[in-house]
Amino acid sequence: MENIGFIWKISYTVHIVLNSVLLGMFFTFLIAPKKILTEEVVSSYLKIAAVFLGVSGITGIILLTILTNSGLEDLFSSSVGRFILAMMASLFVVFFTLTLTLLYKGDEVSMYRKLFFIMFVSYLLVYLIKGIFI
């Protein structure tokens, strides 16, 4: 049981730190000047963000597995379960938008800003839901 607690702490710490880094990265590119929002710069940072998002998703799956093994079977029955569903929905939105941003081959700054806005608001809403309802 001590090993599960250790895995929980490590996974939760990595998950929260990576989500914070991603939130900061998306906000930085949202307010970045036009000369930074070029295809080369954005695509290199988005590849890093994709790795962070993948590791965050993996740690989220580990955390969800530990929660379901400790008695949280119905995600709709508690506020923690509903928050987990909101996190999963946000992860899918961010992953889909990140993929679209990686596939976009243009230098239109307004398009990059819109895509970063979607990713930033998605993450921000999850943290606001967590702060207000849990």
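Residues numbered from 1 in each chain as written. Predicted model: local features only at pLDDT ≥ 70, side-chain atom pairs only at ≥ 80, totals over all residues. Heavy atoms only, no water.

As a further point, take the overall build of the protein chain. A tally of regular secondary structure across the protein chain gives four helices and zero strands. Expressed along its principal axes, the backbone C-alpha trace of the protein chain runs to roughly 50 × 30 × 20 Å. Considering the protein chain as a whole, with its 134 residues, one finds that 31% of them fall into the buried category. Taking contacts inside the protein chain between residues at least 6 apart in sequence as the whole, the part at least 24 apart equals 76%. On the protein chain, roughly 8200 Å² of surface is accessible, and the fraction owed to carbon and sulfur atoms is 74%. Separation between the mean location of the 9 positive side-chain charges and that of the 7 negative ones in the protein chain comes to 9 Å. (Helix = DSSP H or I, 4+ residues; strand = E, 2+ residues; numbered from the N terminus. Buried < 20%, exposed > 50% of the residue type's maximum accessible area, 1.4 Å probe, protein only. Contact = heavy atoms within 4.5 Å. Areas by Shrake-Rupley, 256 points an atom, 1.4 Å probe, with all protein chains shown as cover. Lys, Arg positive; Asp, Glu negative; His and termini not counted. Charge placed at Lys NZ, Arg CZ, Asp CG, Glu CD.)

To continue, consider the nonpolar core. Formed by 20 residues in total, the largest nonpolar core has its most connected members in Phe-26, Leu-37, Val-42, Ala-49, Leu-98, Phe-116 and Tyr-123. Those residues within four positions of Val-42 in sequence are excluded, and the remaining contacts are Phe-29, Ile-36, Leu-37, Thr-101, Tyr-112 and Phe-116. (Core = buried A, V, L, I, M, F, W, Y, C linked by side-chain atoms within 4.5 Å.)

The next point concerns helix α1 (residues 2-30). Relative to the 42 Å expected for 29 residues at 1.5 Å per residue, α1 spans 42 Å between its end C-alpha atoms, a close match to the ideal helical length. What α1 keeps buried is the set Ser-11, His-15, Leu-18, Asn-19, Leu-22, Leu-23, Met-25, Phe-26, Phe-29 and Leu-30. Contacts from the buried residues of α1 go to α2 (39-69), α3 (79-103) and α4 (109-133). (Expected span 1.5 Å × (residues − 1).)

On to α3, then. Over its 25 residues, α3 extends 36 Å from the first C-alpha to the last, a length consistent with the 36 Å expected when each residue adds 1.5 Å. Of the residues making up α3, those classed as buried are Gly-81, Phe-83, Ile-84, Ala-86, Ser-90, Val-94, Thr-97, Leu-98 and Thr-101. Against the buried residues of α3 lie α1, α2 and α4.

Here we take up the packing of aromatic side chains. A complete count under the given rule lists seven aromatic pairs for this structure. When the ring of Trp-8 is compared with that of Tyr-12, the centres are 6.1 Å apart and the planes differ by 5°; the resulting orientation is stacked. Taken together, the positions of Trp-8 and Tyr-12, both in helix α1 and four residues apart, correspond to about one turn of that helix. A centroid spacing of 5.1 Å and a plane angle of 15° characterise the contact between Phe-29 and Phe-116, whose relative ring orientation is stacked. Placement of Phe-29 in helix α1 and of Phe-116 in helix α4 is noted, with a sequence separation of 87 residues between them. With respect to burial, Phe-29 and Phe-116 carry one shared label: buried. One aromatic cluster in this structure is built from Phe-26, Phe-29, Tyr-45, Phe-116 and Tyr-123. (Phe/Tyr/Trp six-rings, centres within 6.5 Å; stacked < 30°, edge-to-face > 60°.)

Turning to a nonpolar patch on the surface, a few remarks are in order. A surface patch of nonpolar side chains, amounting to about 670 Å² of accessible area, comprises Phe-6, Ile-7, Ile-10, Val-14, Val-51, Val-55, Ile-58 and Ile-62. Mapped by element, the contributors of at least two residues to the nonpolar patch are α1 and α2. Tracing the chain through its elements places Ile-10 in helix α1. On the basis of relative accessible area, Ile-10 is assigned to the partly exposed category, the value being 44%. (Patch = residues over 30% accessible without salt bridge, like charges linked within 9 Å, V, L, I, M, F, W, Y side chains within 5 Å. Salt bridge = Lys/Arg side-chain N within 4 Å of Asp/Glu carboxyl O.)

On to the confidence of the model for the protein chain. Regions with low pLDDT carry predicted coordinates that are not meant to be interpreted in detail. Overall, the prediction assigns the protein chain a mean pLDDT of 85, with 95% of residues at 70 or greater. Confidence scores differ between elements of the protein chain, with α3 showing the lowest mean pLDDT of 85 and α1 the highest of 89. (pLDDT = per-residue confidence, 0-100.)

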